[in-house]
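Single-letter residue listing:
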Amino acid sequence: TTGQIAKLLWPGLNARWGASYTEHPREYTDLVDVESSDKAYEEDQEMTGFGLAPIKPQGQSVVYDTAQQGLTSRYTHIAYALGFIITHEALKDNLYEKIGMQRTGSLAFSMRQTKENVVANLYNRAFNGSYNGADGTTMISTAHPTLVGNQSNRLAVDADLSEASLEDICIQSMGLQTDRGLLVSIMPQSLHIPRQEWFNANRILKSVMQPDSASNNINVLKATNAFPKGLKLNHYFTSPHAWFVRTNCPNGMRLFWRE
């Protein structure tokens, strides 16, 4: 209404600010694999596969195993919407840039930020028991249940970002197993950090020699290209020191986009 934009109704205004800023480049696509959908919801179904083959003594029958259905994960679409209304009087009385165009740009800014926050919240809530996954545990947990016991995608003892903690999580990733206990080739791909860890992470990953050491050792994380998809900064992480590693595990972090 005209009462909300009174200053825009008078000539001589030098500048109008606060509605438009330079935005960060798109970041949410670093955190998830984006797929399309045309259904009310999408589901993922786990199949457990088979275990190790036992010895078969001569003349005896083959032992038969059974593949079985495991966890079911459902992705239910959620609608996000925001709009604005301009009265006829406000539209006619505005003396400066068309107010509708300005508000449309602000609305697009809000929608882009909504996407970033929604996806980042998957990570912000990764340790929160109010947001458990299909297996009844948090996204990052030391106790993901499987047929051969619990598996972990979290350090046994939480640690700040350092060369040692990154080496530990890489080693742990390489030891992940299937639901039946078979080793699989899971390797780290990218490191995701909040802005508070930006400089620390660069020193750790990009130093030629071992960081924070007087020895003449090479930087093994750099030399082995431990994170081939690099270091990813996310401005929407809420914890100043929580850090995350994405791997090449198939059907991992996914976002379904319907419209």
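Residues numbered from 1 in each chain as written. Predicted model: local features only at pLDDT ≥ 70, side-chain atom pairs only at ≥ 80, totals over all residues. Heavy atoms only, no water.

Trainee: I'm lost on the overall build of the protein in this one. Help?
Mentor: Summing up its helical and strand segments, the protein has five helices and seven strands in all. Going from the N terminus to the C terminus, the protein shows its helices and strands as β-β-β-α-α-α-β-α-α-β-β-β. Here the C-alpha atoms of the protein give a radius of gyration of 25 Å, more than 25% beyond the 18 Å that 2.2 N^0.38 yields for 259 residues. Reported as C-alpha extents along the three principal axes, the dimensions of the protein are approximately 95 × 55 × 25 Å. Looking at the protein as a whole, 26% of its 259 residues are labelled buried. Excluding contacts between residues fewer than 6 apart, the proportion of contacts in the protein whose partners are at least 24 apart in sequence is 70%. Working note: accessible area of the protein is about 17100 Å², and carbon and sulfur atoms make up 54% of it. Side chains of the protein carry 23 positive and 25 negative charges; the gap between the two charge centres is 7 Å. (Helix = DSSP H or I, 4+ residues; strand = E, 2+ residues; numbered from the N terminus. Rg over C-alpha atoms; globule rule 2.2 N^0.38 Å. Buried < 20%, exposed > 50% of the residue type's maximum accessible area, 1.4 Å probe, protein only. Contact = heavy atoms within 4.5 Å. Areas by Shrake-Rupley, 256 points an atom, 1.4 Å probe, with all protein chains shown as cover. Lys, Arg positive; Asp, Glu negative; His and termini not counted. Charge placed at Lys NZ, Arg CZ, Asp CG, Glu CD.)

Trainee: Please explain the environment of Phe256 as it appears in this structure.
Mentor: Within the element layout of this structure, Phe256 appears in strand S7 (residues 254-257). The exposure class of Phe256 is buried, given its relative accessible area of 12%. Measuring from C-alpha to C-alpha, the distance between Phe256 and Asp33 comes to 8.5 Å, with 223 residues separating the pair along the chain.

Trainee: Teacher, can you tell me more about the side chain of Thr48 here?
Mentor: Its place among the elements puts Thr48 in the loop between strand S2 (41-47) and strand S3 (69-76). In contact with Thr48, not counting residues within four places along its chain, are Ala67, Gln68, Gly70, Leu147, Asp179 and Arg180.

Trainee: What am I meant to see in the pattern of salt bridges here?
Mentor: If charged atoms from side chains of opposite charge come close, those side chains can pair. Applying the stated criterion across every chain, the model contains nine salt bridges. Lys39 is the salt-bridge partner of Asp38, the closest N and O atoms lying 3.7 Å from each other. Taking the relative accessible area as the measure of exposure, Asp38 reaches 61% and is therefore exposed. For Lys39, a relative accessible area of 44% gives the class partly exposed. Between Arg180 and Asp65 there is a salt bridge, with the nearest N and O atoms lying 2.9 Å from each other. Within this pair, whereas Arg180 is found in the loop between helix H3 (163-173) and strand S4 (188-193), its partner Asp65 is found in the loop between S2 and S3, the two being separated by 115 residues in sequence. Under the relative-accessibility criterion, Asp65 is labelled partly exposed at 37%. (Salt bridge = Lys/Arg side-chain N within 4 Å of Asp/Glu carboxyl O.)

Trainee: Explain the nonpolar core here, please?
Mentor: Ranked by internal contacts, the top residues of the largest apolar core, which has 15 residues, are Leu161, Leu166, Leu191, Leu205, Phe227 and Trp243. Of all the secondary-structure elements, those providing two or more residues to this core are H3, S4 and helix H4 (198-206). Not counting residues within four places of it along the chain, the set of residues in contact with Leu166 comprises Leu161, Leu191, Ile204, Leu205, Leu221, Phe227 and Trp243. In terms of nonpolar packing, the next biggest core, distinct from the first, is built from 13 residues, Leu31, Ile140, Tyr236 and Leu255 among them. (Core = buried A, V, L, I, M, F, W, Y, C linked by side-chain atoms within 4.5 Å.)

Trainee: Is there a simple way to think about H4 in this case?
Mentor: Given 3.6 residues to a turn, an α-helix orients residues that are three or four positions apart in the same direction. Taken together, the buried positions of H4 are occupied by Ala201, Asn202, Ile204 and Leu205. Viewed along the axis of H4, the buried residues span an arc of 165°, placing them on a single side of the element. Seen from the buried face of H4, the exposed residues on the opposite side, beyond 90 degrees, are Phe199 and Arg203. On its buried face, H4 is in contact with H3, S4, helix H5 (220-223) and strand S5 (231-233). (Arc of directions from axis to C-beta.)

Trainee: Any chance you could explain a nonpolar patch on the surface here in plain terms?
Mentor: Taken together, the side chains of Val208, Met209, Ile218 and Val220 present a nonpolar region at the surface, about 340 Å² in accessible area. Turning to its location among the elements, Val208 is positioned in the loop between H4 and H5. (Patch = residues over 30% accessible without salt bridge, like charges linked within 9 Å, V, L, I, M, F, W, Y side chains within 5 Å.)

That is the geometry; function is a separate question.
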